[in-house]
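# Report on the structure
Here is how the chains run, residue by residue.
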Amino acid sequence: MNNLKLGVEVVSAHDLVSKDGQGSSTTYVELHFDDQRFRTTTKDKDLSPVWNESFYFNITDPTKLSSLTLEAYIYHYNKTNGSKVLLGKVRLTGASFVPYSDAALLHYPLEKKNVFSRSKGEIGLKVFVTDNPSIRASNPLPAVESFVNIDQNENLTQDQTPPTSVSFTDSILNSVTRKKTEARHMFHSIAKPNNEQKQQSKPAADAKPGVTFGMFEMKSSQAPPKVVQAFGGAQEFVVKEISPTLGGGKVVGGRVIRGNKAAPSSSYDLVEPMKYLFVRVVKARDLPSMDVTGSLDPYVEVKVGNFKGTTNHFEKNQNPEWNKVFAFAKENEQSFTLEVVVKDKDTILDDFVGTVVFDLHEVPERIPPDSPLAPQWYRIVNKNGEKKGELMLAVWYGTQADEAFQDAWHSDAVLSPDGSTISNYSQIRSKVYMSPRLWYVRVKVIEAQDLVSSDKSKVPDAYVKVQIGNQIMKTKPLRVAQPRWDQELLFVAAEPFEEPLVLTVEERVGGNKDETIGNVVIPISTIGRRVEDRPIRGRWYPLEKSMSSAMEDQGKKKEKDKDKFFSRIHVTLILDGGYHVLDESTYYSSDLRPTAKQLWKKPIGVLELGILNADLLPTKSRDGRGTADAYCVAKYGLKWVRTRTIVGNLNPKFHEQYTWEVYDTATVLTLGVFDNAQIHNSSNGTKDSKIGKVRIRISTLETGRVYTHSYPLLSLQNSGLKKSGEVHLAVRFSCTSMANMMAMYFKPHLPKMHYTKPLSIIDQERLRVQAVIIVASRLGRTEPPLRKEVVEYMSDTDSHLWSMRRSKANFNRLKEVFSFLACFGSWFGEIAKWKNSFVTVLVHIVYLMFVCFPELILPTMFLYMFVIGMWKWRFRPRNPPHMDAKLSCADITNPEEFDEEMDSFPTTKSSDIVRWRYDRLRSLAGKVQSVVGQIATQGERVHALLNWRDPRATSIFMVFCLVSAIMLYVTPPQMLFILGGFYLMRHPKLRGKTPGAPINFFRRLPALTDNML
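As a further point, take the overall build of the protein chain. Scanning the protein chain from terminus to terminus reveals 18 helices and 42 strands. A buried classification covers 45% of the 1013 residues belonging to the protein chain. For the protein chain, the proportion of contacts with a sequence separation of at least 24, taken over those separated by at least 6, is 71%. When the accessible surface of the protein chain is split by element, carbon and sulfur atoms take 56% of a total near 53,100 Å².

Moving on, we get to the packing of helix H14 (residues 895-902) against helix H15 (residues 911-943). For the pair H14 and H15, interaxial distance at closest approach is 12 Å and the crossing angle is 105°. On the basis of the axis angle, H14 is roughly perpendicular to H15. On H15, the residues that touch Glu 896, Glu 897, Asp 899 and Glu 900 of H14 are Trp 916, Arg 917 and Arg 920. The residue inventory of the contact of H14 with H15, partitioned by class, reads one nonpolar, no polar and six charged.

Looking now at the nonpolar core. Leu 607, Leu 609, Ile 611, Trp 660, Val 727, Leu 729 and Val 731 are the most contacted members of the largest nonpolar core, which totals 35 residues. For this core, the secondary structure elements donating two or more residues are strand S33 (605-616), strand S36 (630-636), strand S38 (653-662), strand S39 (668-675), strand S40 (689-697), strand S41 (706-717), strand S42 (720-735) and helix H6 (738-744). With five residues, the single largest contributor to this core is S33. Setting aside chain neighbours within four positions, we find Leu 609 in contact with Leu 270, Ala 634, Glu 656, Gln 657, Tyr 658, Trp 660, Leu 669, Leu 671, Leu 729, Ala 730 and Val 731. In this structure, Phe 328, Val 342, Tyr 397 and Trp 409 belong to the second largest nonpolar core, which totals 31 residues.

Turning our attention to the packing of aromatic side chains. All told, the structure shown has 25 aromatic pairs when counted by the stated rule. On the basis of an interplanar angle of 25° and a centroid distance of 5.8 Å, the ring pair of Tyr 631 and Phe 674 is categorised as stacked. With Tyr 631 in strand S36 and Phe 674 in strand S39, this pair connects stretches of sequence that are 43 residues apart. Taking the relative accessible area as the measure of exposure, Tyr 631 reaches 0% and is therefore buried. Each member of the aromatic cluster is reached from another via a ring pair, and the members are Phe 33, Phe 38, Phe 55, Phe 57 and Phe 97. One residue, Lys 84, lies across the ring of Tyr 75, its end atom 4.4 Å from the ring centre.

Tallied over the full model, the rule gives 52 salt bridges. With a closest N to O distance of 3.7 Å, Lys 240 and Glu 726 form a salt bridge. With Lys 240 in strand S9 (residues 240-241) and Glu 726 in strand S42, this residue pair connects regions lying 486 residues apart in the sequence. Residue classification places Glu 726 among the buried positions, given a relative accessible area of 2%. Between Arg 732 and Asp 269 there is a salt bridge, with the nearest N and O atoms lying 2.9 Å from each other.

Let's shift gears to the side chain of Asp 899. Tracing the sequence through the fold places Asp 899 in helix H14. Accessibility expressed as a relative area gives 16% for Asp 899, which makes it buried. Side-chain polar atoms of Asp 899 contact the side chain of Lys 909, separated by 3.3 Å. One polar contact links Asp 899 to Arg 917, side chain to side chain, over a distance of 2.6 Å. Filtering out sequence-adjacent residues up to four positions away, Asp 899 remains in contact with Asn 718, Lys 909 and Arg 917.

Taken together, the side chains of Ile 857, Leu 858, Met 861, Phe 862, Tyr 864, Met 865 and Ile 868 define a hydrophobic patch exposed on the protein surface, amounting to about 700 Å² of accessible area. One can find Met 861 in helix H13 (residues 857-873). With a relative accessible area of 41%, Met 861 lands in the partly exposed category.

For sheets, the rule is that strands pair by backbone hydrogen bonds, running either parallel or antiparallel. With antiparallel pairing, the four strands of this open sheet are ordered in space as S3-S2-S5-S6. Two strands bound the open sheet, and with one partner strand each, they are strand S3 (36-39) and strand S6 (84-93). Direction aside, neighbouring strands of the sheet carry axes that sit 20° apart on average. Alignment of strand S5 (residues 69-77) against S6, held across nine bridges, turns out to be antiparallel. Bridge pairing in S6 links Tyr 77 to Lys 84.

The predicted model of the protein chain has a mean per-residue pLDDT of 82, with 86% of residues at 70 or higher. Overall, residues 143-234 carries pLDDT values under 50, and its contacts beyond four positions in sequence, including any with other chains, amount to 212 contacts.

This brings us to helix H12 (residues 837-852). Taking 1.5 Å per residue as the helical rise, H12 with its 16 residues ought to reach 22 Å, and the 23 Å between its terminal C-alpha atoms agrees with that figure. Taken together, the buried positions of H12 are occupied by Thr 840, Val 843, His 844 and Val 851. What you see down the axis of H12 is that its buried residues fit within an arc of 105°, all on one side. Relative to its buried face, H12 has exposed residues pointing more than 90 degrees away, namely Phe 838 and Ile 845. Against helix H11 (819-832) and helix H17 (973-984) lie the buried residues of H12.

Relative to the assigned elements, Lys 43 resides in the loop between S3 and strand S4 (50-58). For Lys 43, a relative accessible area of 5% gives the class buried. Within the structure, the side chain of Lys 43 is placed 3.4 Å from the backbone oxygen of Val 50, a separation counted as a polar contact.

The next point concerns the sheet that holds strand S10 (residues 245-246). The strand order across the open sheet built from three strands is S10-S11-S12, with neighbouring strands paired in antiparallel fashion. Unpaired on one side and paired on the other, S10 and strand S12 (255-257) mark the two borders of the sheet. Where strand S11 (residues 249-252) and S12 come together, three bridges link them in antiparallel fashion. Bridge pairing in S12 links Val 251 to Val 256.

Residue Glu 495 is joined to Pro 496 through a cis peptide bond whose omega torsion reads -10°. Following the sequence through the fold, Pro 496 ends up in the loop between strand S27 (484-494) and strand S28 (501-510). Located in the positive-phi region is Asp 286, a residue other than glycine, with phi close to 55°. Within the element layout of this structure, Asp 286 appears in the loop between strand S13 (276-285) and strand S14 (298-304). The exposure class of Asp 286 is exposed, given its relative accessible area of 55%. With a phi angle near 55°, Asn 323 is a residue other than glycine that sits in the positive phi range. With respect to the helices and strands, Asn 323 occurs in strand S16 (residues 321-329).

Turning our eyes to something else, we now look at the packing of H12 against H17. Angle between the axes and distance between the axes: these two values describe a pair of packed helices. Contact geometry for H12 and H17: axes closest at 10 Å, N-to-C directions at 160°. What the angle tells us is that H12 and H17 run roughly antiparallel. As for how H12 packs across H17, the hand of that crossing is right-handed. In this structure, H12 contributes His 844, Tyr 847, Leu 848 and Val 851 to the contact, and H17 contributes Gln 974, Phe 977, Ile 978, Gly 981 and Phe 982. Looking at the contact of H12 with H17 residue by residue, the class counts come to six nonpolar, three polar and no charged.

Attention shifts here to the environment of Asp 359. Within the element layout of this structure, Asp 359 appears in strand S18 (residues 351-359). Expressed as a C-alpha distance, the spacing of Asp 359 and Ser 335, which sit 24 residues apart in the sequence, is 9.5 Å.

A few words on helix H16 (residues 951-970). In an α-helix, one turn spans 3.6 residues; hence positions three or four apart end up facing the same way. If you check H16, its first and last C-alpha atoms are 29 Å apart, about what 20 residues at 1.5 Å a residue would give, namely 28 Å. Those residues of H16 not exposed but buried are Ala 953, Thr 954, Phe 957 and Ser 964. All buried residues of H16 fall inside an arc of 90° around its axis, so they share one side. Turned more than 90 degrees from where H16 packs its buried face, Arg 952, Ile 956, Val 959, Leu 962, Ile 966, Tyr 969 and Val 970 sit exposed. The elements touched by buried residues of H16 are helix H18 (997-1003).

Each value, and the rule that gives it
- Residues numbered from 1 in each chain as written.
- Predicted model: local features only at pLDDT ≥ 70, side-chain atom pairs only at ≥ 80, totals over all residues.
- Heavy atoms only, no water.
- Helix = DSSP H or I, 4+ residues; strand = E, 2+ residues; numbered from the N terminus.
- Buried < 20%, exposed > 50% of the residue type's maximum accessible area, 1.4 Å probe, protein only.
- Contact = heavy atoms within 4.5 Å.
- Areas by Shrake-Rupley, 256 points an atom, 1.4 Å probe, with all protein chains shown as cover.
- Axes fitted to C-alpha atoms, helices over the stretch in contact; angles between N-to-C directions.
- Parallel < 35°, antiparallel > 145°, perpendicular 65-115°, else oblique.
- Nonpolar A, V, L, I, M, F, W, Y, C, P; charged D, E, K, R; others polar.
- Core = buried A, V, L, I, M, F, W, Y, C linked by side-chain atoms within 4.5 Å.
- Phe/Tyr/Trp six-rings, centres within 6.5 Å; stacked < 30°, edge-to-face > 60°.
- Lys NZ or Arg CZ within 6 Å of the ring centre and 35° of its normal.
- Salt bridge = Lys/Arg side-chain N within 4 Å of Asp/Glu carboxyl O.
- Polar contact = N/O pair within 3.5 Å; in protein donor to acceptor, adjacent residues only side chain to side chain.
- Patch = residues over 30% accessible without salt bridge, like charges linked within 9 Å, V, L, I, M, F, W, Y side chains within 5 Å.
- Pairing = 2+ DSSP bridges.
- pLDDT = per-residue confidence, 0-100.
- Expected span 1.5 Å × (residues − 1).
- Arc of directions from axis to C-beta.
- Left-handed = near helix turned anticlockwise from the far one by under 90°.

Below, the structure written as structure tokens:
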């Protein structure tokens, strides 16, 4: 018996044409297949209807499946006269039908009925073939009048579910799979069905097809590609679009679809609202004494089910004040009552003082921007039912948008069901950090006078050492009586300026021994500032022999040592505020503004980031099971944000939203996910482990669109590339002025000082490393600290180190950039060889036309680029770009190269491994050396045409130049180009088998290779 059926899930449509004259349409879908027709329910006045209805067609003859077609028509139903108007159609061939396990939701653009009809929008269908005997065919097509008044939420096939397994006969596999493979087309963006793997493992009676929305382009004859689920397969490292329900509504294809229920206005519209029970414990008064001495050491314990949080205790205080907030996640509530217990801290067993009990059903709900709930006094009841003492409390339900959320104690800090919390709670709080404002300090050491050497009989061999903090630079040594260096040195300093600038003049006395001639200590806050390249006035500073004397106040020193003889040094000092101090890789800069605030422009837009949730692999083991204590850090501009740490959860839900002002679209938002290793003891020196990183370039985002995607978390390890999970983000970029944003593309990328007085590449890289060290040091002093390894990972401090994998990737990128030249050369070679005579003759005609009418060359070139750009617009990327494992050569790199890349600098490997790697690097460098030598040889042969190294060759070239000049004076240039082009494209029968005379002549020219040692 033939059980083969074609399943069609009609999910949704959007952006349809309005036909009712009121800007809307009443829509339904008709499906036609193999002389069978089914119809969905009607959605009244909805241009983006959602059906989520499934239909199953009987396949009468499986051998003819590949020749059958499925047609889906979307109609507008006119209730007044009972007519229907076609809004668009989709036609799918049998080659695109795949098994249920391979099926994915695809959005098809609607086709017109004819040339003069109007159609737009897309329809989302999931089409698959199944032979599950439990699936029954759908009911026949009813009359139009019988379904118009059916409720829109009713599904015509509620008893029908997708199959749990797919097993075809050999004939179906041969006929369908073969044609599917032949017609397969790889799409640019494929949405991931929600929980599709889980659905296939459920029984057929309980499974429900997942619904995913996305934007796709395909022709009706193309077959949908196979979607490989995350954590396995070829698409393991790709970005997937998701459709979460956030505070603003459900996000479908970048658009927010608001529900029927009016949601309260909130700035947290890019995250899902999470309900919390907030308890503010303010203070207590008139508490009873519990000890024999009449004293009381009170603290408060707030308890909801098995979750409990405690305040700190006060010694011998019957009127304590805590002002602490507790937040309990509503999804974790295990009780219907809230207990607030006052206890007396004791050495062995804490005494019970009294309690206040709340019914959670009676707790009010607060929605910002409402004012905070006013706390009130509650009488506490002891074990005997007596009311002694009062406790001031405020209890309410709220969300993560509540002002008290950031500094509250969270139930996410609970590690075990007994309610125990972490020992260092401050390490899990969510915080916002600001990077210090960085300045370039320019020091020009000009000269010194009256230097006194320790050996009076000789001239000192002096140099100047300049130091700011851990940054030390030296001038070149000079052995003269009045040394003049005229040497500029650059440093990085951060506000507030804590470290002074120290100038030390030292003398080389022999070997590695140096003696100090004098010191100068200058507070950086006293140095002048500039925002443009204006002249700087120098200043003479007296040199003190001892460092303590140099650090004395300048005013007191002048008065005390007015008539004393000093050696002195002449320097110019300035704080350059016209530069942007690079504290991250230039390729991933998140801020390009200069240091001086008076040079800042107005922001051109706002960037909003919603950190939703993550799905992680275990990073540690606790109580015999794998777990993770994850938190996220995002950086853009000077603002760093850190989410709270979700303790002991492989599927943490953050749902925190942050906002940045955007000053330039050529910037990058960086987000990293880390595992918190500081929970139990923050002073143990354990580093937070890196889970993965995401970069989002602002210029790739469309304005106003909400990007909701799942990003794979990739990390390079000694064993290779590892996917540690996925993080779900919602991103939106809004511009304040489209004109200002467009004008930004024509302005300089960096501040003006980078062009009027540019920094060398070596100085930029050296100063960038120092800037990262300063930022990491300052952020490490916050509470909770943003650790050094986190700042370095977010700033890509190791991007300048040698990596065989990165070198291969850059070489492949370079090849891809110039691949068009290879393609053009291959195409021109086929033209010159007359492989296709018609095309070659056509090229001759076009070439002749361009030579005769050269004014057509540039217009044709720009028109060609416009056409190519518009053609590629159809295939533009639908998802934000993410780290590409193939582009990075992470899929072809062996473990040895990964181990070398992960090695520290300087290396910690054994001498044998270092020797082997050095030999391999020498071999690679030898090949590069040969290529560079070949390029230099060709250039030297060009020079040899005129430098008379080969007198006979140069004489021949001189005669050729003279004859050519005379001929070109009398020959029209068009004729020269015509003859030259036709000569290059001459027929193979007119070509010789050996190289031509010009090539032979060039190869015989001498190069400087003979002079190489």
